[in-house]
2 protein chains.
Amino acid sequence: MTHTLKQLEIPSTLRHDLQAVEDRIMHRVESQSALITAAGQHLVSSGGKRLRAMMVLLASQLGRYRLSDSLHAATAVELIHAASLVHDDLVDDADRRRGKVTVHAKWDQGVALMVGDYLFAVAAGEMALAPDPRVIQIFAESVMTISASELHPVMATLPTATALEQYYAKIGGKTAALFEAAAAAGMVCGGGSPEEIEAAARYGYDIGLAFQIVDDILDFVSTEETLGKPAGNDLREGTITLPLILAVKDHHEHPLVNLLDRYEQLSDAQVEQAISQVKQLGGIDQAIAEARSITQRGLAALDIFPPSAAKELLREIADYVLDRHF
Amino acid sequence: MTHTLKQLEIPSTLRHDLQAVEDRIMHRVESQSALITAAGQHLVSSGGKRLRAMMVLLASQLGRYRLSDSLHAATAVELIHAASLVHDDLVDDADRRRGKVTVHAKWDQGVALMVGDYLFAVAAGEMALAPDPRVIQIFAESVMTISASELHPVMATLPTATALEQYYAKIGGKTAALFEAAAAAGMVCGGGSPEEIEAAARYGYDIGLAFQIVDDILDFVSTEETLGKPAGNDLREGTITLPLILAVKDHHEHPLVNLLDRYEQLSDAQVEQAISQVKQLGGIDQAIAEARSITQRGLAALDIFPPSAAKELLREIADYVLDRHF
């Protein structure tokens, strides 16, 4: 595990196509309502690396690629991502995301709610421009999965045989479903066979799982400076994530097991101590190993494709997802 | 203005097709998440008369009708309607709708938010099954309009030259846009020409306007028993609607003009008095006249279609919308 910030090297042709997606997103966020436009731009401008759009484009490139065929699906996935984040932040009443103030905190809850709806609708309009109606089905199902997973019951106490299962179900819905949809939709746009679409979907799903596991690890190992919020945020909110689950897997009597029963009363010192304990018990290292293994499984799904620049970039995305910020 | 409750007579063939829509809605609301299923069923089971689905089916029947071609658009419009109501109630923090407890009051805000998102996504999946991708564009644009209109700035004080304009813009987005989309999508499914689609859209929009005007009139003339909430609700919430606008149109010095400046402090007696004054100044009668005139304009848009049973039913829907509950 290196502590350098790994950069994803994006070739200029892909960068050009991603810029077209970016332009399209900004164009589609413009509304006759000044408030929608402002809140929408605020939201999508903090959109990060556009990994999901990249996955659409690269999965298409495993097949028969034309930017005009894949542009709308790539735009749609980022709009869905933005819409789902703004509603997610509303449910969680989060004030900040990536260090930037959230829409409901900057404007109000009504604005956050309606901007989310607006962006979902724009995304639906975009999908309809994709060359294959299966793109709409794929994204519609991903949004159904994301919404339902947000209401997934809170996990029972640790350690349970089902804690791990519940964790994977939760992050599968919360994060992996949209990566899965991105890769599958991209392959559909690239004219893939059912087998190829399935392979791309499995790649996307696993990279999405790894992405969320790494996010959950970062919540333990980051500093406030790199994370944009204090470490141990999940513990403070009573959210059980993989490092904690794996830390107590073989230590059923450890105080960590019942720590989150009273998560609202945790002091900063207790959170710091818990983070140290999770590290000492190997929770972080084991979670990293899991993320690596899931990433390998995802990459293996791409074995059916011959070597290509796109396949190599999909591999680099997997490396990037694993190594970012460590 | 009669005070009998006018019934819409629905022929058995249409009733049969509406039942197919109903079955499809209930089927699509079922989710692996028990909570989504329960909240979704709660929501769509209070769905009223399915006027929007009816409009899809009947507009299709102006052209080349096959239930299998129109079923998905009819299902989608009711799902969109349900999704938009649950988010609307969340923004307004309304506890009841049609006398039934709202989703966020029965469960919580997170459930209301996610069930709305879920239903929007199901609707997108349904639209993708329609025989023409324009159906998706039409509904996507209607949801964009609905969301943006919810954020429309609150109206300036009365009387202003723009009060009427703002009112129509608001109810155009809030209510008419989805009726417009229903009729237009139905005509698309029926294989209509651009001119026919435009005519259906204009019919739907105007019936939608009339529908909302009548709703706003009912808020003045109904009893708690028929309305499911106390009369004068809009006044209590500071919402300026057509009866009030028209009541003070020629009475710029009347106390009603500034009544809503301090709407939060209105006593029950003051609301009752205001309702009486709006009636005395002819606000109700003029609003009814406006609704009738708009309905006539909408029906005139159907002149390009030859006489048919479907056209006759669309006329009866217009009558029903005007006369319900008066």
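Just so it is clear, the structure is predicted and the values come from calculations on it, not from any experiment.

At an RMSD of 0.0 Å, chain B and chain A line up after a rotation of 180° and a shift of 0.0 Å along the axis. Between the two chains, the operation in question is that of a two-fold axis. If distances are taken from each C-alpha of chain B to the rotation axis, the shortest is found for Ala124(B), at 3.3 Å. Mapped onto chain A, 100% of the interface residues of chain B are again interface residues, and the two copies thus contact each other with one and the same surface.

Another point: the packing of aromatic side chains. Considering all chains together, one arrives at four aromatic pairs over all chains under this definition. Relative to Phe211(A), the ring of Phe179(A) has its centre 5.3 Å away and its plane inclined at 45°; by these criteria the two rings are tilted. Residue Phe179(A) is located in helix α8 (residues 163-189), and its partner Phe211(A) is located in helix α9 (residues 194-221); the two are separated by 32 residues in the primary sequence. Centroid distance Tyr167(B) to Tyr168(B): 5.4 Å. Interplanar angle 70°. Geometry classified as edge-to-face.

What follows is about the pattern of salt bridges. All names here are of chain B. In this structure the tally under the stated criterion is 20 salt bridges over all chains. In this structure, Arg 50 and Glu 78 form a salt bridge, with 3.5 Å as the shortest nitrogen-oxygen distance. Taken together, the residues span a long stretch of sequence, with Arg 50 in the loop between α2 (34-45) and α3 (51-61) and Glu 78 in helix α4 (residues 67-92) at a distance of 28 residues. As far as burial versus exposure is concerned, Arg 50 and Glu 78 are alike and both buried.

Counting residues at the interface gives 32 residues for chain B and 33 residues for chain A. Carbon and sulfur atoms supply 78% of the area buried between chain B and chain A, which totals about 2,700 Å² over both sides. It is Met114(B), Met144(B) and Leu151(B) in chain B that bury the most area against chain A; as a group they hold 23% of the surface buried on that side. Across the contact surface, chain B and chain A share zero salt bridges. For the interface between chain B and chain A, the tally reads four residue pairs in polar contact (both at pLDDT 80 or more).

What follows concerns a negative patch on the surface. Residues and elements named next belong to chain A. Together, Asp 92, Asp 93, Asp 95 and Glu 237 give the surface a local cluster of negative charge. Looking at the secondary structure, you find Asp 93 in the loop between α4 (67-92) and β1 (96-97). On the basis of relative accessibility, which here comes to 49%, the residue Asp 93 falls in the partly exposed class.

Attention now moves to the environment of Glu272(A). Residue and element names in this part refer to chain A. By the secondary structure assignment, Glu 272 is in helix α13 (residues 268-280). According to the relative accessible area criterion, Glu 272 is exposed, its value standing at 57%. Considered as a pair, Glu 272 and Ile 245 are 27 residues apart in the sequence and their alpha carbons are 17 Å apart.

Another aspect to go through is helix α13 (residues 268-280) of chain B. All names here are of chain B. Its 13 residues give α13 an end-to-end C-alpha distance of 18 Å, which sits within 8% of 18 Å, the value for a rise of 1.5 Å per residue. The set of residues buried in α13 consists of Val 271, Ala 274, Ile 275, Gln 277 and Val 278. Across the axial projection of α13, the buried residues extend over an arc of 165°, all falling on one side. Facing away from the buried side of α13 by over 90 degrees, the exposed positions are Asp 268, Ala 269, Glu 272 and Gln 280. Structurally, α13 contributes buried residues whose contacts are with α9 (194-221), α11 (233-236), α12 (242-247) and α14 (283-300).

Turning our attention to the nonpolar core. Core analysis: the biggest nonpolar cluster contains 161 residues, and Phe139(A) and Phe139(B) have the highest contact counts within it. Filtering out sequence-adjacent residues up to four positions away, Phe139(A) remains in contact with Ala73(A), Val77(A), Ile80(A), Met127(A), Leu178(A), Ala181(A), Ala182(A) and Ala185(A).

What follows deals with α13(A). On the buried face of α13(A), the contacting elements are α9, α11 (233-236), α12 (242-247) and α14 (283-300) of chain A. Count one or two residues on from α13(A) and you reach Gly282(A), which has phi positive near 85°.

Moving on, we get to the packing of α2(B) against helix α6 (residues 109-127) of chain B. All names here are of chain B. Orientation of α2 relative to α6, taken along the N-to-C sense of each, is 80°, at an axis distance of 10 Å. If you check the angle between α2 and α6, you find them roughly perpendicular. Contact residues: α2 offers Leu 35, Ile 36, Ala 39, Gly 40 and Leu 43, while α6 offers Val 111, Met 114, Val 115, Tyr 118 and Leu 119.

All names here are of chain B. Within the fold, Ala 291 resides in helix α14. Using a relative accessible area of 0% as the deciding quantity, one classes Ala 291 as buried. Along the chain, Ala 291 and Glu 316 lie 25 residues apart, while their C-alpha atoms are 15 Å from each other. If sequence neighbours within four positions are ignored, Ala 291 has contacts with Ala 210, Ile 213, Val 214 and Leu 322.

Cut-offs applied
Residues numbered from 1 in each chain as written. Chains lettered and ligands numbered in written order. Predicted model: local features only at pLDDT ≥ 70, side-chain atom pairs only at ≥ 80, totals over all residues. Heavy atoms only, no water. Least-squares fit on C-alpha atoms with pLDDT ≥ 70 in both. Contact = heavy atoms within 4.5 Å. Phe/Tyr/Trp six-rings, centres within 6.5 Å; stacked < 30°, edge-to-face > 60°. Helix = DSSP H or I, 4+ residues; strand = E, 2+ residues; numbered from the N terminus. Salt bridge = Lys/Arg side-chain N within 4 Å of Asp/Glu carboxyl O. Buried < 20%, exposed > 50% of the residue type's maximum accessible area, 1.4 Å probe, protein only. Buried area = accessible area lost by both parts, 1.4 Å probe. Polar contact = N/O pair within 3.5 Å; in protein donor to acceptor, adjacent residues only side chain to side chain. Patch = residues over 30% accessible without salt bridge, like charges linked within 9 Å, V, L, I, M, F, W, Y side chains within 5 Å. Areas by Shrake-Rupley, 256 points an atom, 1.4 Å probe, with all protein chains shown as cover. Lys, Arg positive; Asp, Glu negative; His and termini not counted. Charge placed at Lys NZ, Arg CZ, Asp CG, Glu CD. Expected span 1.5 Å × (residues − 1). Arc of directions from axis to C-beta. Core = buried A, V, L, I, M, F, W, Y, C linked by side-chain atoms within 4.5 Å. Axes fitted to C-alpha atoms, helices over the stretch in contact; angles between N-to-C directions. Parallel < 35°, antiparallel > 145°, perpendicular 65-115°, else oblique.

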